Amino acid sequence: MKFEQHLIDLTIEAIHSIFGIEIEAKLVSVQKTNLIYRNEGDFTIVVFPFTRFSKKSPEETAQMLGDYLAAHSEIIESYGVVKGFLNLRILSKYWVGMIQKEAEETALPVDNREKILIEFSSPNTNKPLHLGHIRNNLLGWSVSEILKANGHDVVRVNLVNDRGIHICKSMLAWEKWGKGETPESSGIKGDHLAGKYYVLFDQYYKEEIKSLIASGLTEEEAKQQAPLMQEAREMLKKWEDNDAEVMQLWNTMNGWVYEGFDVTYKQMGISFDKTYYESQTWQKGKSLVEDALKNGNCYQKDDQSVWVDLTAEGLDEKILLRSDGTSVYMTQDLGTAYIRHNEHQPKQMIYVVGNEQNYHFDVLKLVLQKKFGFQWAESIFHLSYGMVELPEGKMKSREGTVVDADDLMEVMIQTAQTTTEELGKTLNFDLDEQTQLYQVLAMGALKYFILKVDPVKNIVFNPAESIDFNGHTGPFIQYTHARICSLMKKAGESETASNPFSSQTPITQKERQLIQLLYEYPAVVQEAGQRLSPALIANYAFELAKEYNQFYHESPVLKESDADIRQMRLGISAFTAGIIKSAMHLLGIEVPERM
RNA sequence: GGUCCCGUAGCUCAGUUGGAUAGAGCAACAGCCUUCUAAGCUGUGGGUCGCUGGUUCGAAUCCAGCCGGGAUCACCA
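A few points on the structure. Along each chain, residue indices are assigned from 1 in the same order as the chain's sequence is written. Here chains are named by letter from A upward and ligands by number from 1 upward, in the order in which they appear as written. In view of the model being predicted, local features appear only for residues whose pLDDT reaches at least 70, and side-chain atom pairs are presented and counted only at 80 or more, with totals across whole chains, interfaces and linings using the full set of residues. With hydrogens and water stripped out, all remaining heavy atoms of the structure feed into the side-chain values.

What to know about the protein's contact with RNA strand B
A molecule or strand has a residue near it when one of that residue's heavy atoms lies within 4 Å. Taken together, 61 residues form the shell around RNA strand B, and within it N161, D303, D316, K425 and Y479 come nearest. Restricting the count to atoms of RNA strand B within 4 Å of the protein gives a sugar and phosphate share of 61%. Side-chain atoms alone can form a polar contact between residues adjacent in sequence; in general such a contact is a pair of N or O atoms within 3.5 Å, and within protein one must be able to donate a hydrogen while the other accepts it. Here a phosphate oxygen of RNA strand B sits 2.7 Å away from a polar atom, N or O, in the side chain of R322. Backbone polar atom of D454 to a phosphate oxygen of RNA strand B: 2.6 Å apart, as the coordinates give it.

Let's talk about the sheet that holds strand β9 (residues 306-309)
Two orientations exist for strands paired in a sheet by backbone hydrogen bonds: parallel and antiparallel. One open sheet holds the 3 strands; their spatial order is β8-β9-β10, and the pairing between them is antiparallel. A strand with exactly one partner marks an edge of an open sheet, and here the two such strands are β8 (299-300) and β10 (317-321). Criterion used throughout: strands pair if DSSP finds at least two bridges between them. Under the scheme used here, helices are H or I runs from DSSP no shorter than 4 residues and strands are E runs no shorter than 2 residues, and both carry numbers assigned from the N terminus. One ladder, built from 2 bridges, connects β8 with β9; its direction is antiparallel. Residue pairing for β9: Q300 is matched across the bridge by V306.

A few points about the nonpolar core
Core analysis: the biggest nonpolar cluster contains 141 residues, and I45 and L69 have the highest contact counts within it. In terms of residues, this core owes the most to one element, helix α16 (residues 431-451), which gives 11 residues. Contact between two residues is taken to exist if any of their heavy atoms lie within 4.5 Å; hydrogens are not considered. Apart from residues lying up to four places away in sequence, L69 is in contact with L10, T11, A14, I45, I76, L86 and L88. Ranked by size, the runner-up nonpolar core spans 35 residues in total, among them C298, A337, V353 and F372. Residues belong to a common nonpolar core when they are buried Ala, Val, Leu, Ile, Met, Phe, Trp, Tyr or Cys residues joined through side-chain atoms within 4.5 Å. Whether a residue is buried, partly exposed or exposed follows from its accessible area with a 1.4 Å probe, protein chains only, as a fraction of its type maximum: under 20%, in between, or over 50%, in that order.

A few points about the packing of helix α17 (residues 474-491) against helix α20 (residues 563-586)
All axes here are fitted lines through C-alpha atoms, helices being fitted over the stretch that makes contact, and every angle between N-to-C directions spans 0 to 180 degrees. Running from N to C, α17 and α20 cross one another at 140°; their axes reach a closest spacing of 9 Å. Here α17 lies oblique to α20, going by the angle between them. For the crossing formed where α17 meets α20, the hand is left-handed. Contacts between α17 and α20 pair G474, I477, Q478, T480, H481, I484, L487, M488 and A491 from the former with R566, L570, S573, A574, T576, A577, I580, K581 and M584 from the latter. Residues are grouped as follows: Ala, Val, Leu, Ile, Met, Phe, Trp, Tyr, Cys and Pro are nonpolar; Asp, Glu, Lys and Arg are charged; every other residue, Gly included, is polar. Split into classes, the residues belonging to the contact of α17 with α20 amount to 10 nonpolar, 6 polar and 2 charged. Convention used here: angles under 35 degrees read as roughly parallel, angles over 145 as roughly antiparallel, angles from 65 to 115 as roughly perpendicular, and any remaining angle as oblique. A crossing counts as left-handed when the near helix is turned anticlockwise from the far one by less than a right angle, and as right-handed when that turn is clockwise.

A short note on the sheet that holds strand β7 (residues 274-277)
Taken in spatial order, the 5 strands of this open sheet run β7-β6-β5-β11-β12, and their pairing is parallel. The strands lining the two open edges of the sheet, one partner per strand, are β7 and β12 (380-385). Mean inter-strand twist for the sheet, computed between neighbouring axes without regard to direction, equals 25°. Judged from the 6 bridges that link them, strand β11 (residues 348-354) and β12 form a sheet pairing that is parallel. Residue pairing for β12: Y351 is matched across the bridge by H382. Packing against the sheet, helix α12 (residues 278-294) makes contact with β6 (153-160) and β7, and its axis sits at approximately 60° to β7. Packing against the sheet, helix α13 (residues 329-344) makes contact with β5 (115-119), β6, β7 and β11, and its axis sits at approximately 145° to β7.

Okay, here's the thing in structure tokens:
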């Protein structure tokens, strides 16, 4: 920051001149003045570190420093001392100019052209998306938008887990109890249809286990020997052998699921640049492991299973190939990472995956790097996020306590509609506009609710109470934007000022705060990019909207007289609307022009 | 048990490289719509920043130990 730097330089000079001591810039702390003391300054210098050699009290030291700075800098209007804090008030005519220049200098790069791959969503094809996926998808989308805003070349990637025993269960159940039923014939969305049969499988499977246990088997034995499970395994085997009939069923059912996912993703407002399917990458992992076995970086046990030893790295031994030679989750992920890196050569590979898989990614990275010798594995970053839990505890798909993504979004839209109608906001909206608005508000509320929380934290989600439209919410910010739009419209085109901040215009305290906040936006986006944190953007947007609302209410009605002030306020409003729109875009949230 | 994460107001969350009297929203109470959108604004009440010690002029923030909650340590994905 140029402005802070100027004050730091000046302070170093002052210390040298007053006390005859050269100090390091590190010792000088310049910060925005705490809001409580804003009436006496814009910036604050902390003088405690100087008392060591000033041999005076903090107050006296601050006083001396203040005297010097006021005498030697033309930009300082006045200063005040509170304990060891020196508060500096900057002359308005300099303040606006400098803060504007600063913003230009920290402006976001248009082009950083670092290629960054980001994987998110990663669904299974045996059931529809749920609340957990919603957090994942929103995070992934927002982070990728933030990285784009920082000038990076972002590739959004989805990895569909389309093979394995889980989808075979759905297929088997459909063959047994639902043959002939299609999304068209039943009117059920494709992914929900697959999910229906997955649940059905589990029900009958449980019954089988129960009766087997009753006939004297242990629970373990029962689980293994249940006829349904054995049939599912056979089906998986047939799938791996490329059996024509099974493959056809697999293709059909997965096709239904993808159609269903498309609808959900569209409703969520997200999309991908590339979709990978595990059915197309799992073999690569297997061959990588086989190579490592030959090179002695993995080892084989007596039962033919293949392992990797990570005890030297402080982790455990990890299985990579089962005794029957088939691959496990880790094996597939190794292959996928390899293929992806070869295809894109990215500078960084981000995986948006829940924190329950922290260990998995530690292992993945270590194996690639230390055992397979791929230096690029360093570029793997696991963007880990906390679980979404319900008030009753964790969601359990088998107990039917999962919150379905489609259902939740539907409920949100209905709530948006009732709330809006109760307020009588859409009386002169036509039907299309109404539908559009409810959609935008509902998704805004949901997305904001999820994204405003730091990703590392778990979220407790109460479907009935959690999502509101008042207060610290997406709709509040959307509302602020809509109100500005309406204001600008009334003011008329001619008055949308291009350069609102003429240095002659007097500025109130509230206006200073708001302007300062507006110009911080690029820095916030940069930090959000470094920390991969949509929450930073979300909280900034709220603060800005709130600040604007206060400004709006404090400002007297704009009359035709006072053209300068009127012009400036309109300028601030237009500027605010622009930043809100941009910030919300980074969260994947649309802002309506009226609501 | 080992490793990792979390703990801030009744609830949901912010809290910058350590800085001033720890902030919002919700909920509660009291006000504000002849004037640019009241999904808003203003005010009141509400805190042992999990506990204890350490470093520092100064700790919610850094360090150590403990307490509480969660995740993970599968021939599941």
